[in-house]
There are 2 protein chains.
Amino acid sequence: MKKTDLVCTHCEKIFLITEVYPRCDICNEPLEVKKAAKGRIKEGNTFTQTILERYEDFFPFKGIEEDICLHEGFTPLINSSSLAAELGVKEIHLKNETGNPTWSFKDRGTSAGIQHALKLGYKKIGTVSSGNMAASIAAYGAKAGLKTFILVSADLPPEKLNPIAIYNPALIRVQGDYGNLYYESLKIGQKQGIYFINSDVPFRVEGSKTIAFEICEQLGFAVPDYVVVPTSSGGNLRGIIKGFEEFRLCGLIDKIPRIICAQARGCAAIYNAHSNNHETISRVENPDTIAHAIENPLPPSGNEILRKLRANDWISVAVTDEEIIRAQKRLAGEGIFGQPAAAVPLAAVRQLAGNGVIKSRDTIVLIVTGGGLKYTAAFERHDLKVADCRIEELSEFMR
Amino acid sequence: MKKTDLVCTHCEKIFLITEVYPRCDICNEPLEVKKAAKGRIKEGNTFTQTILERYEDFFPFKGIEEDICLHEGFTPLINSSSLAAELGVKEIHLKNETGNPTWSFKDRGTSAGIQHALKLGYKKIGTVSSGNMAASIAAYGAKAGLKTFILVSADLPPEKLNPIAIYNPALIRVQGDYGNLYYESLKIGQKQGIYFINSDVPFRVEGSKTIAFEICEQLGFAVPDYVVVPTSSGGNLRGIIKGFEEFRLCGLIDKIPRIICAQARGCAAIYNAHSNNHETISRVENPDTIAHAIENPLPPSGNEILRKLRANDWISVAVTDEEIIRAQKRLAGEGIFGQPAAAVPLAAVRQLAGNGVIKSRDTIVLIVTGGGLKYTAAFERHDLKVADCRIEELSEFMR
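Residues numbered from 1 in each chain as written. Chains lettered and ligands numbered in written order. Predicted model: local features only at pLDDT ≥ 70, side-chain atom pairs only at ≥ 80, totals over all residues.

**Student:** Help me get a handle on the overall build of chain A, residues and values and all.
**Tutor:** Broken down by element type, chain A carries 13 helices and 14 strands. Counting only C-alpha atoms, chain A reaches 70 × 45 × 45 Å along its principal axes. Counting across all 399 residues of chain A, residues that qualify as buried make up 58%. Pairs at least 24 apart in sequence give 68% of the contacts found in chain A among residues at least 6 apart. (Helix = DSSP H or I, 4+ residues; strand = E, 2+ residues; numbered from the N terminus. Buried ≥ 20, exposed ≤ 12 C-beta atoms within 10 Å, placed from the backbone. Contact = placed C-beta atoms within 7 Å.)

If you want it as structure tokens, here you go:
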């Protein structure tokens, strides 16, 4: 590892980067890798490079273990002039994360997390998740040949278990308080030498920051006005913010875009605290949204996101399931079929454009976080059209 | 369009590239764009380039309509040393097409097909498919704002309709002989000005050739010994062969890899004809395989593939559903979850390594054609493992 530190996001206590800590032992807030303040992009073709190679200066690794990666990242940024016209803004760009190796943004943080685990000599990894992150860790654990623990809730249905189990991890349904499992797993991991790459651990956040790096490059270092991120644990949003901050510190961009934290109304711990001016987030009782991928009732990075939103006068929004479903269909109209959570940014922008917060001069990037085939139950919420015709009448029918 | 021709793959009759023809009117065999014999790769970063831009010299287009593409292609080539060791060969590389915008290789041909359609002034496109190609055409048609017809068989179940319908095409269940629909659609298209980008039309083949281009680049222009392709209509395989041929004609590589046409035993029209030394393929009655994506009983490019296999002394293989299922699980062990058809090349190589055709000195590229979430019924064929545990006993359980 290069010489740098982990820092508590709240009290700024310093920790060793060569260790794995559950959280800050003073304030129980998440840690992060100290921001890179010097660095440049390693030129090369992203076709054969990896994200960890291209942005090596911004990671604390000395050398990259290449053969454990699946070439995550370097996802397209798709310009949609029709969405921009429809919403009355200057430009809309869709950062399409559904083309990642396990079809969500999670692969970036998984790759960075495993890299750290290997540098520290770990032979076992794990995560607590029942969706995108579980599939991602299971896939990368298999590729890297590591013993891989995936902890899920006891009531997870087979259709959610199968896409994880196919990678053959040690998959465990855990009976008990699922909310507590995040913290419990980190403790067990520390005792047993299992590196838990949970939702907002420092190196998962490191992986997510490459989303910001790529947006900067793809827009030719012209910083967009807004970046809109579906927000659950807060780890991905923290990473994206950190990426823009590091590129600014390194002189690659001259300002940070305004951030929009987009949540589902049925599970909006951060939005609730932000809009009610609370100091900290509170657990959402009985969360209920179709956007299961962002249905975290007590986001472990929620307080840190809240601090960031306040300090920068940024925005949080909550959208209804109806708005999400409508946005999912509209995104498909751009050729991009995202899971419900991935449509939350479009729903959020529609709301903010409608009430005048977002203006006609604005350029906006929406993070499309994961693929639509991950949650096919959403089809039932759509009014999908199909016609019937006999082959003899087809020519006439198609006229 | 640049000045070049379409050529019949069999009788070599010349056709206009500015027209759309169903097939050769003499021999009813498929047409192809005359091979590019001069060209170089346009340097640039694949992060922001498109495949049509990078390989523009090898396409007959003058200028590329960029805003209709979803950044298909430029997929990873993943080296698997563990698979190579297991199969006793020198190198195995997995060309992972599951990260394409609609999660299959089809997006390449769709993009090239729409490009041709727009150059000729078409406002309507279509296809006959119930799987990967249907989703791809529906997505790209939506992005390009074209009226898009998707013709499927009358008995297609909702779980296969939904991932097409979400993109909102004119989706039509056609009652009647589905085998005849391929030819019928091309005729209707010609009359009504609808460009049918079916499985092996010339510009779909053009799109597929970029798979070969990319493999050459990703291996540093060291030609692999074998390239193994799941084969259905034969269009994708024709494209891959054409790509290698063009790069050789242009002096970018000095030979062509040996091609392995991999089919499912339950629907192996090409393999059957090849191994029985028949002049032409015959329709497979009652096709039956779990690899539905390659379940074409009468491949429209089957005879042309047969001619290529013979002329070059290449190989065809058929694998059982059991071999496919085993290969699907093994691929997931490399972190890549492909649909059953995508596992057919690995099953084929295992067979050929087992009987000594493939040797320990060989470098092999497997084309992983589409993502595993496209066909979740395959989960039932796997013995997937999950354990149960109470949270209080978790620490002990994980030891």
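**Student:** Just give me the short version of the relation of the copies chain A and chain B, but keep the residues and values in it.
**Tutor:** Turning one copy of the chain about an axis and sliding it along that axis gives the other copy, so a rotation and a shift relate them. Overlay of chain A on chain B (RMSD 0.0 Å): rotation 180°, translation along the axis 0.0 Å. Here the two chains are linked by the operation of a two-fold rotation axis. When C-alpha distances to the rotation axis are compared across chain A, the minimum falls at glycine 99 of chain A, with a value of 2.1 Å. A share of 100% of interface residues in chain A that are also interface residues in chain B marks the association as one of identical surfaces. (Least-squares fit on C-alpha atoms with pLDDT ≥ 70 in both.)

**Student:** Help me get a handle on the interface of chain A and chain B, residues and values and all.
**Tutor:** By a widely used convention, the size of an interface equals the accessible area lost when the partners come together. Residue-level contacts link 64 residues of chain A with 65 residues of chain B. For the side of chain A that touches chain B, the secondary-structure elements that each account for two or more residues are β4 (77–79), α4 (132–144), α5 (158–165), β8 (170–175), α6 (178–192), α7 (202–218), β14 (387–390) and α13 (394–397) of chain A. Among the elements that make up the side of chain A that touches chain B, the one with the highest residue count is β8 of chain A (5 residues). Split by residue class, the side of chain A that touches chain B holds 31 nonpolar, 20 polar and 13 charged. Of the strand pairs in this sheet, β8 of chain A and strand β14 (residues 387–390) of chain B are connected by 4 bridges, and their pairing is parallel. Considered in β14 of chain B, the bridge of isoleucine 172 of chain A is made with alanine 387 of chain B. (Nonpolar A, V, L, I, M, F, W, Y, C, P; charged D, E, K, R; others polar. Pairing = 2+ DSSP bridges.)

**Student:** Let's hear about the nonpolar core: which residues, and what values?
**Tutor:** If you look at soluble globular proteins, the nonpolar side chains tend to sit buried side by side. With 234 residues, the main nonpolar core has Val228 and Val344 of chain A together with Val228 and Val344 of chain B as its most contacted residues. Other than its neighbours up to four places away in sequence, valine 228 of chain A contacts Ile260, Ala262, Pro345, Ala348, Val349, Ile364, Leu366 and Ile367 of chain A. (Core = buried A, V, L, I, M, F, W, Y, C linked by C-beta atoms within 7 Å.)

**Student:** An account of the pairing of strand β5 (residues 91–96) of chain A is requested, with residue identities and associated values reported.
**Tutor:** Residue and element names in this part refer to chain A. When you tally the buried positions in β5, you get 5 out of 6 residues, the bulk of the element. One ladder, built from 3 bridges, connects β4 with β5; its direction is antiparallel. When the sheet's bridge partners are listed, leucine 77 is paired in β5 with lysine 95. Bridge analysis of β5 against strand β13 (residues 363–368) gives 6 bridges, and the strand direction is parallel. Paired with histidine 93 across the strands is valine 365, a residue of β13.

**Student:** I'd like to hear about the pairing of strand β12 (residues 315–319) of chain A, residue by residue, with values.
**Tutor:** Residues and elements named next belong to chain A. Among the 5 residues in β12, 4 count as buried, and that is most of the element. Pairing between strand β11 (residues 258–264) and β12: 5 bridges, direction parallel. If you follow alanine 262 over to β12, its bridge partner there is valine 317.

**Student:** Provide a residue-level description of α7 of chain A, including the pertinent values.
**Tutor:** All names here are of chain A. A rise of 1.5 Å per residue sets the reference length of α7, with its 17 residues, at 24 Å; its end C-alpha atoms lie 25 Å apart and thus fit the reference within 8%. Where burial is concerned, most of α7 is hidden: 17 out of the 17 residues are buried. Directly after α7, the chain includes glycine 220, whose backbone phi takes a positive value near 65°. (Expected span 1.5 Å × (residues − 1).)

**Student:** Let's hear about unusual backbone geometry: which residues, and what values?
**Tutor:** Residue and element names in this part refer to chain B. Of note, tryptophan 103 is a non-glycine position whose phi angle comes to about 70°, a positive value. The phi dihedral of asparagine 168 falls on the positive side, at around 65°, and the residue is not glycine. Within the secondary structure layout, asparagine 168 lies in the loop between α5 (158–165) and β8 (170–175).

**Student:** Lay out the sheet that holds strand β4 (residues 77–79) of chain B in plain terms, naming residues and giving numbers.
**Tutor:** Residue and element names in this part refer to chain B. The mixed open sheet is built from 6 strands, whose spatial order is β4-β5-β13-β10-β11-β12. Strands at the two margins of the open sheet, each flanked by one partner only, are β4 and β12 (315–319). Across this sheet, the average inter-strand angle for adjacent strands is 25°, counted without regard to direction. Relative to strand β10 (residues 226–230), helix α12 (residues 340–354) is tilted by about 135°, and along the sheet it contacts β10, β11 (258–264), β12 and β13 (363–368). (Axes fitted to C-alpha atoms, helices over the stretch in contact; angles between N-to-C directions.)

**Student:** Now, about the environment of serine 104 of chain B: what can you tell me, with residues and values included?
**Tutor:** All names here are of chain B. Mapped onto the elements of the fold, serine 104 is located in the loop between β5 (91–96) and α3 (106–119). Put simply, serine 104 and glycine 73 are 31 residues apart on the chain and 9.5 Å apart in space, counted from C-alpha to C-alpha. In contact with serine 104, not counting residues within four places along its chain, are Glu97, Asn132, Ser136, Thr369, Gly370 and Gly371.

**Student:** I'd like a rundown of the sheet that holds strand β3 (residues 31–33) of chain B, residues and numbers included.
**Tutor:** All names here are of chain B. Spatially, 3 strands are ordered β2-β1-β3 in an open sheet, and the strand pairing comes out antiparallel. Two strands lie at the open edges of the sheet, namely β2 (14–16) and β3, each paired on one side alone. Each strand of the sheet is rotated relative to its neighbour by a mean of 35°, with strand direction disregarded. In this structure, strand β1 (residues 5–8) lies alongside β3, joined through 3 bridges in antiparallel fashion.

**Student:** Outline helix α4 (residues 132–144) of chain B, listing residues and values.
**Tutor:** All names here are of chain B. With 13 residues, α4 extends 18 Å from end C-alpha to end C-alpha; this agrees with the ideal 18 Å at 1.5 Å per step. In terms of burial, α4 is a largely internal element, 13 of the 13 residues being buried. A positive phi of about 70° marks glycine 145, the residue just after α4.

**Student:** Describe the packing of helix α3 (residues 106–119) of chain A against α7 of chain A, with residues and values.
**Tutor:** All names here are of chain A. It is the contact of α3 with α7, at a shortest axis distance of 7 Å, that shows an interaxial angle of 135°. With respect to their mutual orientation, α3 and α7 come out oblique. Taken as a pair, α3 and α7 cross one another with a handedness that is right-handed. Contacts between α3 and α7 involve Arg108, Gly109, Thr110, Ser111, Ala112, Gly113 and His116 on the former and, on the latter, Phe203, Arg204, Val205, Glu206, Gly207, Ser208, Thr210 and Ile211. The residue inventory of the contact of α3 with α7, partitioned by class, reads 4 nonpolar, 8 polar and 3 charged. (Parallel < 35°, antiparallel > 145°, perpendicular 65-115°, else oblique. Left-handed = near helix turned anticlockwise from the far one by under 90°.)

**Student:** Would you mind going over the environment of alanine 135 of chain B in detail, with residue names and values included?
**Tutor:** All names here are of chain B. In this fold, alanine 135 is placed in helix α4. As a C-alpha pair, alanine 135 and tyrosine 375 span 240 residues in sequence and 13 Å in three-dimensional space. Excluding residues that lie within four positions of it along the chain, alanine 135 makes contacts with Thr102, Pro163 and Ile164.

**Student:** Could you give an account of the environment of alanine 269 of chain B, naming the residues involved and the relevant values?
**Tutor:** Considering the arrangement of structural elements, one finds alanine 269 of chain B in helix α9 (residues 269–275). Each residue touching alanine 269 of chain B, except ones within four places of it in the same chain, is listed here: Ile281, Ser282, Arg283, Val284, Pro297, Leu298, Pro299 and Gly302 of chain B.

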